[in-house]
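The primary structure of each chain is shown beneath.
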Amino acid sequence: MHRIWGRRWLVAALALVLTLLALWDGISAWHGVAALAMIIAAAGLVPPTIVQDGNSTPVHPDNGGKPSFEDLVAAIPDPVIVLDANLAVRFFNRKARDIIPNLRVSEALTYALRVPELIDAIRAALDAGGSRQIEYSERVPVDRMVEAQISTIMGPSGRTDFVVIVLRDVTQRQRVEQMRVDFVANASHELRTPLASLLGFVETLQGPARNDPVAREKFLDIMRAQANRMSRLIDDLLSLSRIELNAHVQPDKPVDLNMVVGHVADTLGPLAHDRGVVLSLDKRVSSLEVRGERDELIRVFENLVENAIKYGASGGRVEVILDSIPKPQGKGLDAVVTVRDFGPGIEAEHVPRLTERFYRVDAAKSREKGGTGLGLAIVKHIVARHRGRLGIESVPGEGTVFSVKIDQII
């Protein structure tokens, strides 16, 4: 009994040291938790065989009903997996099961998780001891970047008895960094031309055109147009960044597409009238509910309908059709919104690249109509976030059809 209490005093003292280090930024909080788990094991408070499925709260037989090692690990907010020296799963908490549903106690980790770089890092830790930290990516069910901290627990024989793996989803951190890089590259490229124009006009107004009121008014109009273009560009870049930041989080609020598209048609009706375009709306079902974000879906159909009005105006009409169709697999329904214009159409070689950032079929015409080259990229990312499908079909001389399919709530 005295020996057990002595070990607990040792754990308490080391835990206090780790806490102070975390408060002074000496180590991260989650590394401290992993280290504390190792300390508890070294102090002899871990049972020789750890077997737990993450669904109950065990009580250590030797600690008088007080929290055990399993209690500590189960309470960690990050996913935690404990393996033995043969890579068999001995324990995992609920968070681990949430991201790796196929985890089973006593089965090899390789049955549930096929990530060669992680398995190699675990084997290296088993062979050499110490800890490892790696990052790996997952593609299913969504793109995700995971950071794994691997620590080893030595047994009485001096060999590694257990491996503790703490996982952390770092997708958002990676996306933020990538967005920062993309934003700087794209903004610097697209803003260079209007900024150069503004500087040139300012120098002209300060020099040769200083006392020329006609030239001054002309140049000020052009400067206003260039400034508006830069403002729209920055707004679109920020919108795209926000959408990409949450791309791995699927919206779950019910939204009626009939109401969304009806709102878009009412908003863009005046633009269609000014361009001499007849905008028709055909709702073939009374209700068309999907899970989504209303504002983002409005942005999707505003972009598609506005593009159809601007670039397909020569056809004289734009048709928007809302319908519900069975899925190809026969399970459930798809809500489908189709936007069709009867304008000049798009050559086949351009169609696959239309949703790329800043890709334009006719750059001069796009800028003349106020386009930033980001509208369809925004559409693509919003539809992807809603786990939907975007279709594009175009025949030169006959027009273009954009379709959006999203799982319908039945």
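The notes below deal with the structure included here. (Residues numbered from 1 in each chain as written. Predicted model: local features only at pLDDT ≥ 70, side-chain atom pairs only at ≥ 80, totals over all residues. Heavy atoms only, no water.)

Attention now moves to the overall build of the protein chain. Within the protein chain, the secondary structure is distributed over 12 helices and 12 strands. Taking all 410 residues of the protein chain together, the buried fraction comes to 42%. Total accessible area on the protein chain stands at roughly 22000 Å², and carbon and sulfur atoms take up 55% of it. (Helix = DSSP H or I, 4+ residues; strand = E, 2+ residues; numbered from the N terminus. Buried < 20%, exposed > 50% of the residue type's maximum accessible area, 1.4 Å probe, protein only. Areas by Shrake-Rupley, 256 points an atom, 1.4 Å probe, with all protein chains shown as cover.)

With that settled, the discussion passes to the pattern of salt bridges. Within the structure shown, the criterion is met by 16 salt bridges. The salt bridge partner of glutamate 147 is arginine 173, with a shortest N-O separation of 3.7 Å. Separated by 26 residues along the polypeptide, glutamate 147 in strand β4 (residues 144-154) and arginine 173 in helix α7 (residues 171-206) bring together distant segments of the chain. Notably, a salt bridge pairs glutamate 319 with arginine 317, separated by 3.4 Å at the nearest N-O pair. Relative accessible area serves as the criterion here: at 23%, glutamate 319 is assigned to the partly exposed category. A relative accessible area of 37% means that arginine 317 is categorised as partly exposed. (Salt bridge = Lys/Arg side-chain N within 4 Å of Asp/Glu carboxyl O.)

This part covers the sheet that holds β4. Sheet strands pair by backbone hydrogen bonding; their relative direction is either parallel or antiparallel. One open sheet accounts for five strands, arranged β2-β1-β5-β4-β3; its pairing is antiparallel. Both outer strands of the open sheet, β2 (89-92) and β3 (131-138), are each paired with one neighbouring strand and no more. The mean angle between the axes of side-by-side strands here comes to 25°, regardless of whether they run parallel or antiparallel. Relative to β3, helix α6 (residues 116-128) is tilted by about 170°, and along the sheet it contacts β1 (80-84), β3, β4 and β5 (160-169). (Pairing = 2+ DSSP bridges. Axes fitted to C-alpha atoms, helices over the stretch in contact; angles between N-to-C directions. Contact = heavy atoms within 4.5 Å.)

Running from amino to carboxyl end, helix α10 (residues 294-311) crosses helix α12 (residues 375-385) at an angle of 140°, the nearest separation of the two axes being 9 Å. In terms of their interaxial angle, α10 and α12 are classed as oblique. Seen along the crossing, α10 lies across α12 with a hand that is left-handed. Only Gly375, Leu376, Ile378, Val379, Ile382, Val383 and Arg385 of α12 make contact with α10, whose side of the interface consists of Glu296, Arg299, Val300, Asn303, Leu304 and Asn307. (Parallel < 35°, antiparallel > 145°, perpendicular 65-115°, else oblique. Left-handed = near helix turned anticlockwise from the far one by under 90°.)

Here asparagine 258 shows up in helix α9 (residues 257-274). For asparagine 258, the side chain forms a polar contact with the main-chain oxygen of valine 285, separated by 2.9 Å. Contacts of asparagine 258, omitting those with residues within four sequence positions, involve Lys283, Val285, Ser286, Ser287, Leu288 and Leu322. (Polar contact = N/O pair within 3.5 Å; in protein donor to acceptor, adjacent residues only side chain to side chain.)

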